[in-house]
Amino acid sequence: MCLCHQQVGHMLIQLRNYTLLPLALSQTKFTNRMHTRAASIKAEMAPSEHNPKSESDICVYVRKKRSRKPQVITENIVKVEPQDPKLGSLPDIEEFAYNKPSIDLPQRKSKPILNDNDKTEVKPPSNWVKVLEGIREMRSLENAPVDSMGCEKAGNSLPPNERRFAVLISSLLSSQTKDHVTHGAIQRLHDNNLLKPEAIDNADESTIKELIYPVGFYTRKASNMKKIAKISLLDYHGDIPNTLEALLSLPGIGPKMAHLVMNVAWNNVQGICVDTHVHRICNRLGWVPQTKTPEETRKALQIWLPKEEWVPVNPLLVGFGQTICTPLRPSCGLCSVSGLCPSAFREATPKKIPRVKTKLSES
DNA sequence: ATCCGGGCGC
DNA sequence: GCGCCTGGAT
């Protein structure tokens, strides 16, 4: 993995309802910005993809100018064509963006901003930006448990491959477990030099089990740790898989953790990390059509939520869900966006009928 | 008593 | 889908 200041190349990127945009991507920055009169455009390349060949390797954001907090309009890329850098300097962006209309795609009359009224696209829920900002504000005052610790801090000082492995193990242990408990377990593993695949592979399952106690489901997790260490050694040279699919194939790693690990370990955002809080709150806010599983929620949310919110939305909503929008008896009275929430004060508080033996019930 | 910051096997 | 695996918190 060579990280030099070399330019990967110029690309022509075609946005839906927009136009062709020339962009240059470099290997060190992974991002490239350009500005037109009406919007700023940002292209981002997944760090692991040093040689982007298709649209899936790159994300493009278009933001309207003149809004205080620039708002992402879309991220739809229709086409990416590698261009020969020897073609000379890039065309004048502004002129290019305005004067060279897209050929096969419908044109907009006024501003070349994307599909505001495109009926074929799923519309983001109205006011979602306000809701998000409101939650952010509430979160800046509150101190949610999620703020203090997180598995993303695991092994910050380790070499990259060991750090990634630590992140994976940390994620594995963290499910259904409080953060400080997970942290303690990781600390004990580290102190006993048991955070590396070789060591785990050689260690007794019972030893691991004792060290990670009392994380939730420690028996299963100890066994999964052994299996993961073995797979890491056999298939990944002691590292961890760098694709979502391969991560999902590991025992004990499901969709929630796989996306988390892709984000944290590889800095590669493949999807939104949806846990029960994100799932619940998105349903309450009406951000997704009633969904039954976190996986459905993830897919529904990814359709409209701008990609740059994909990572921050998890800690944001988790903390919000721990403090205010709690699973049981949400504190709608304390919530500043209750006016925008279709479920506010409407929770079917199934006030359990007190099973008290009264003279009435006995009669 | 009831609820978790999931994943798996059925 | 549904029950189960676990200890700790409310």
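Residues numbered from 1 in each chain as written. Chains lettered and ligands numbered in written order. Predicted model: local features only at pLDDT ≥ 70, side-chain atom pairs only at ≥ 80, totals over all residues. Heavy atoms only, no water.

A. Structural detail: the protein's contact with DNA strand C. In the vicinity of DNA strand C, the contacting residues are Y213, G216, F217, Y218, T219 and K292. In the model, a phosphate oxygen of DNA strand C is placed 3.2 Å from a nitrogen or oxygen of the Y218 side chain. Here a phosphate oxygen of DNA strand C and a side-chain polar atom of K292 are 3.3 Å apart. (Near = heavy atom within 4 Å. Polar contact = N/O pair within 3.5 Å; in protein donor to acceptor, adjacent residues only side chain to side chain.)

B. Just empty space enclosed by the protein, in detail. Per the counting criterion, the structure on display carries one cavity of 30 Å³ or more. In this structure, the largest cavity encloses a volume near 120 Å³. Together, 16 residues line the largest cavity, and F320, C325, C332, C335 and C341 are the ones closest to its centre. Split into classes, the residues belonging to the lining of the largest cavity amount to eleven nonpolar, three polar and two charged. (1 Å grid on protein atoms, 1.4 Å probe; cavity = no way out; pocket = protein on both sides within 12 Å on 5 of 7 lines; lining within 4 Å. Points joined across faces, edges and corners; volume = space filled by probe spheres on them. Nonpolar A, V, L, I, M, F, W, Y, C, P; charged D, E, K, R; others polar.)

C. Expanded view of the state of the cysteines. All told, the structure shown has zero disulfides when counted by the stated rule. For C325, which is in no disulfide, the shortest distance to another cysteine sulfur is to C341 and amounts to 6.4 Å. Among the residues examined, C325 registers a relative accessible area of 11% and is labelled buried. (Disulfide = S-S within 2.5 Å. Buried < 20%, exposed > 50% of the residue type's maximum accessible area, 1.4 Å probe, protein only.)

D. Region of the structure containing the protein's contact with DNA strand B. The immediate surroundings of DNA strand B are formed by 20 residues, with Q176, D179, G252, G254 and T276 found nearest. Among atoms of DNA strand B positioned within 4 Å of the protein, sugar and phosphate together represent 68%. At the level of secondary structure, the elements contributing two or more residues to the surface near DNA strand B comprise α10 (255-266) and α11 (276-285). Top contributing element to the surface near DNA strand B by residue count: α10, with three residues. Looking at the surface near DNA strand B, its residues break down into eight nonpolar, seven polar and five charged. (Helix = DSSP H or I, 4+ residues; strand = E, 2+ residues; numbered from the N terminus.)

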